[in-house]
Amino acid sequence: MISGVRLIIIGRQGAGKGTQCLRMSRHYVVPHVSTGDMLRAAVREDTELGKQAEQVIQAGQLVGDEIMISLVAERLEQDDARSRGYILDGFPRTVVQAEALDRISVDRPIDAVLDIDVPRDMVIQRISARRTCRDCGANYTAKGGERSPWTCDTCGGDVVQRADDTPDAINRRLDLYESQTSPLLDYYDRQGRLTVIDGSASPDEVFARLTAAIDAARRRS
Ligand code: AMP
């Protein structure tokens, strides 16, 4: 079995992070830790966190740093993440979260920070057609005329359009990405830790570029 790895995946909504993270988590046999999936599960289960996060998510805004940092710190303490590593998708989203993650991961440092780069107009097209499994988070592309919901090939769950994938919420999230998340790229770039991957190619090609970059980073560390 390939030994574990600790990764941060950054990229605009619709850049293909979800799809690529699922593939990488199978390839490296590490948990895919998606903060968006964790929050959506909390909303579905109507937990205290879900109640706090629901409106914020639907409005396309960011949940508070403190809540997110403790959610992720707790997840990364679990046995699977401690022993194998993790692929972080959707966290960190702000420089405050990145600084907290540096503290959380000080004993087991991150192997690579990857930015899947896809231009804004291309991601708007992709997100409008995106459908997501409510249970396992697998993404699909609607071609028009499908039944709603349809059944997930991976887990049999319901495949639906996410409530925050409306045009208004998409634009707000992309604006937020530029203002809050882009500074993260500078943060990691200044430390020489950032690898930018062109995400506009086919999913197989992007996966090949990601694994090549990750394997090179692991050889260096
Ligand atoms: P995602 O599936 O990554 O697009 O996340 C969906 C929504 O969950 C985001 O639009 C935010 O409202 C919230 N969210 C996910 N991750 C974070 C984070 N690290 N910090 C703040 N809010 C987050």
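Here we summarise the structure given alongside this text.

Reading the values: rules and limits
- Residues numbered from 1 in each chain as written.
- Predicted model: local features only at pLDDT ≥ 70, side-chain atom pairs only at ≥ 80, totals over all residues.
- Heavy atoms only, no water.
- Helix = DSSP H or I, 4+ residues; strand = E, 2+ residues; numbered from the N terminus.
- Rg over C-alpha atoms; globule rule 2.2 N^0.38 Å.
- Buried < 20%, exposed > 50% of the residue type's maximum accessible area, 1.4 Å probe, protein only.
- Areas by Shrake-Rupley, 256 points an atom, 1.4 Å probe, with all protein chains shown as cover.
- Pairing = 2+ DSSP bridges.
- Contact = heavy atoms within 4.5 Å.
- Near = heavy atom within 4 Å.
- Polar contact = N/O pair within 3.5 Å; in protein donor to acceptor, adjacent residues only side chain to side chain.

1. Things to note about the overall build of the chain
Per the secondary structure count, the chain includes nine helices and nine strands. A compact globule built from 221 residues would reach a C-alpha radius of gyration of about 17 Å, and the chain, at 17 Å, matches this within 12%. Burial analysis of the chain (221 residues in total) assigns 47% to the buried set. For the chain, the exposed surface amounts to about 11100 Å²; the carbon and sulfur share of it is 47%.

2. A short note on the sheet that holds strand E8 (residues 158-160)
Taken together, four strands build an open sheet; the order of strands is E6-E5-E8-E7 and the sheet is antiparallel. In this open sheet, the two strands that pair with only one neighbour each are strand E6 (139-141) and strand E7 (150-151). In this structure, strand E5 (residues 130-133) lies alongside E8, joined through two bridges in antiparallel fashion. Bridge pairing links Thr 132 to Val 160 in E8.

3. Describing the environment of Leu 22
Among the secondary structure elements, Leu 22 is positioned in helix H1 (residues 17-28). It is 6.5 Å that separates the C-alpha atoms of Leu 22 and His 32, two residues lying 10 residues apart in sequence. Setting aside residues no more than four positions away along its own chain, Leu 22 makes contact with His 32, Gly 137 and Ala 138.

4. Focus on the site of the ligand
Surrounding the ligand, one finds 16 residues, the nearest of these being Thr 35, Arg 40, Gln 61, Gly 90 and Gln 97. One of the backbone nitrogen or oxygen atoms of Gln 61 is found 2.5 Å away from an oxygen atom of the ligand. Look at the ligand: alone it shows 480 Å² of surface, and the protein chains cover 96% of it.

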